Amino acid sequence: SLLLLSILDDKGLERVRFSDQDMFRATGYQDRSKDPLVVQSRRTGRIAVGQVRIVGKQPLIFVVHPLVDGQLLYAGYSLKRLWERLNRMRIGEHGRMLLIDGQGHPLPGLAEGFPAVGWRGLEPLAGDSGWIEKTPTPGGNMTGAYVSAPSLGLHALSLQPSREAFAAPEKFALKAASLLI
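Summary of the structure given here. (Residues numbered from 1 in each chain as written. Predicted model: local features only at pLDDT ≥ 70, side-chain atom pairs only at ≥ 80, totals over all residues. Heavy atoms only, no water.)

## Here we look at the overall build of the protein
- The secondary structure content of the protein amounts to three helices and 10 strands.
- Split into buried and exposed, the 181 residues of the protein put 35% on the buried side.
- The long-range fraction of contacts in the protein, counting pairs at least 24 apart against all pairs at least 6 apart in sequence, stands at 38%.
- Working note: accessible area of the protein is about 11,600 Å², and carbon and sulfur atoms make up 56% of it. (Helix = DSSP H or I, 4+ residues; strand = E, 2+ residues; numbered from the N terminus. Buried < 20%, exposed > 50% of the residue type's maximum accessible area, 1.4 Å probe, protein only. Contact = heavy atoms within 4.5 Å. Areas by Shrake-Rupley, 256 points an atom, 1.4 Å probe, with all protein chains shown as cover.)

## Some thoughts on the sheet that holds strand S9 (residues 140-149)
- Judged by pairing direction, the sheet is antiparallel, and its four strands sit side by side in the order S7-S10-S9-S8 without closing on themselves. Every interior strand has two partners, whereas the edge strands, strand S7 (96-100) and strand S8 (129-137), have only one. In this sheet, neighbouring strand axes are inclined to one another by 30° on average, regardless of whether the strands run parallel or antiparallel. (Pairing = 2+ DSSP bridges. Axes fitted to C-alpha atoms, helices over the stretch in contact; angles between N-to-C directions.)

## Quick word on the environment of leucine 98
- Within the secondary structure, leucine 98 sits in strand S7.
- Note on leucine 98: relative accessible area 0%, which makes it buried.
- Those residues in contact with leucine 98, other than ones at most four positions away along the chain, are Leu110, Ala111, Phe114, Pro115, His155, Ala156, Leu157 and Leu159.

## Describing the packing of aromatic side chains
- In this structure the tally under the stated criterion is one aromatic pair.
- Judged by centre distance (5.9 Å) and plane angle (35°), the ring pair of phenylalanine 62 and tyrosine 74 falls under tilted. With phenylalanine 62 in strand S5 (residues 58-66) and tyrosine 74 in strand S6 (residues 72-78), this residue pair connects regions lying 12 residues apart in the sequence. Side by side, phenylalanine 62 and tyrosine 74 carry an identical accessibility label, which is buried. (Phe/Tyr/Trp six-rings, centres within 6.5 Å; stacked < 30°, edge-to-face > 60°.)

## Quick word on the pairing of strand S10 (residues 154-161)
- In terms of residue burial, S10 counts as a mostly covered element, since seven of its eight residues are buried.
- Bridge analysis of S7 against S10 gives five bridges, and the strand direction is antiparallel. Considered in S10, the bridge of leucine 99 is made with alanine 156.
- When S9 meets S10, the two strands line up antiparallel, connected through eight bridges. Bridging from a neighbouring strand, glycine 144 pairs with leucine 159 of S10.

## What to know about the pattern of salt bridges
- What the rule picks out here adds up to four salt bridges.
- The shortest N-O distance in the salt bridge between arginine 17 and glutamate 14 comes to 2.7 Å.
- Between glutamate 14 and arginine 32 there is a salt bridge whose closest N-O contact spans 3.3 Å. Of this pair, glutamate 14 sits in strand S2 (residues 14-19) while arginine 32 sits in the loop between S2 and helix H1 (36-44), and the two are 18 residues apart along the sequence.
- By relative accessible area, which is 1% here, glutamate 14 ends up buried.
- Residues joined in a network through salt bridges with shared partners are Glu14, Arg17 and Arg32. (Salt bridge = Lys/Arg side-chain N within 4 Å of Asp/Glu carboxyl O.)

## Considering H1
- For H1, every residue scored as buried is listed here: Leu37, Val38 and Ser41. Axial view of H1: buried residues confined to an arc of 100°, hence all on one face. Along H1, exposed side chains directed more than 90 degrees from the buried face belong to Pro36 and Arg43.
- Buried residues in H1 make contact with strand S1 (2-8), strand S3 (48-49), S5 and S6.
- N-capping of H1 is provided by aspartate 35, with a side-chain oxygen placed 2.8 Å from the backbone N of leucine 37. (Arc of directions from axis to C-beta. Polar contact = N/O pair within 3.5 Å; in protein donor to acceptor, adjacent residues only side chain to side chain.)

Here it is, written out as C-alpha cells:
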C-alpha cells in the first residue's frame, strides 16, 4: 500500500506531500535533492527503484518517477502484506521462499531466522536462474533454486530440504519420452 507520495520540484524539494503520519512525521517539506534515487532518476530520466528497507516495523520500497515538467514523483510503498503472505507460505513441508538482494543477502523482514543465523549470503548468482546446494538453515542443509527479477535487481530463492526438492534436469521431458517409446 502507498504510504508516501510527494511531488518534488526541479531542485528536489517537496512541494506536495501525502503521507501516513504514523510512518512519516516530518514537519515541513523535505529536501530530497541528495537522495540517491532522486539523483539517479534525474540523471537517467527514468524510474529509479530503491532497495527494500525496514522503516519502523514495515518493509518499504521507494520509487522515483520523472514527470514531463522536470518535477519528480517520490513514492514509498509498504510491502507488509506481501511479506506477511510470503512468510506464511511453505515450499513443500519445510521449505521457504526468500527474496535476495543484489549482494546475495535476504531482504529484511522476510523469513526471519531462515537460512541459519550467520549465513553469509549467496555468492554472486550466475545467470537468470539456477540452483544451489547445502544452504544452512535451522532445519539442516537445504537445496535451492533461484530466478532473477531484473527490474527490481532481486532474485527469488526457493529453499527445500533435499529429500523434498525436485529439479528436472535439462531435456528431462525428452529423456522421459524416449524411455516411454
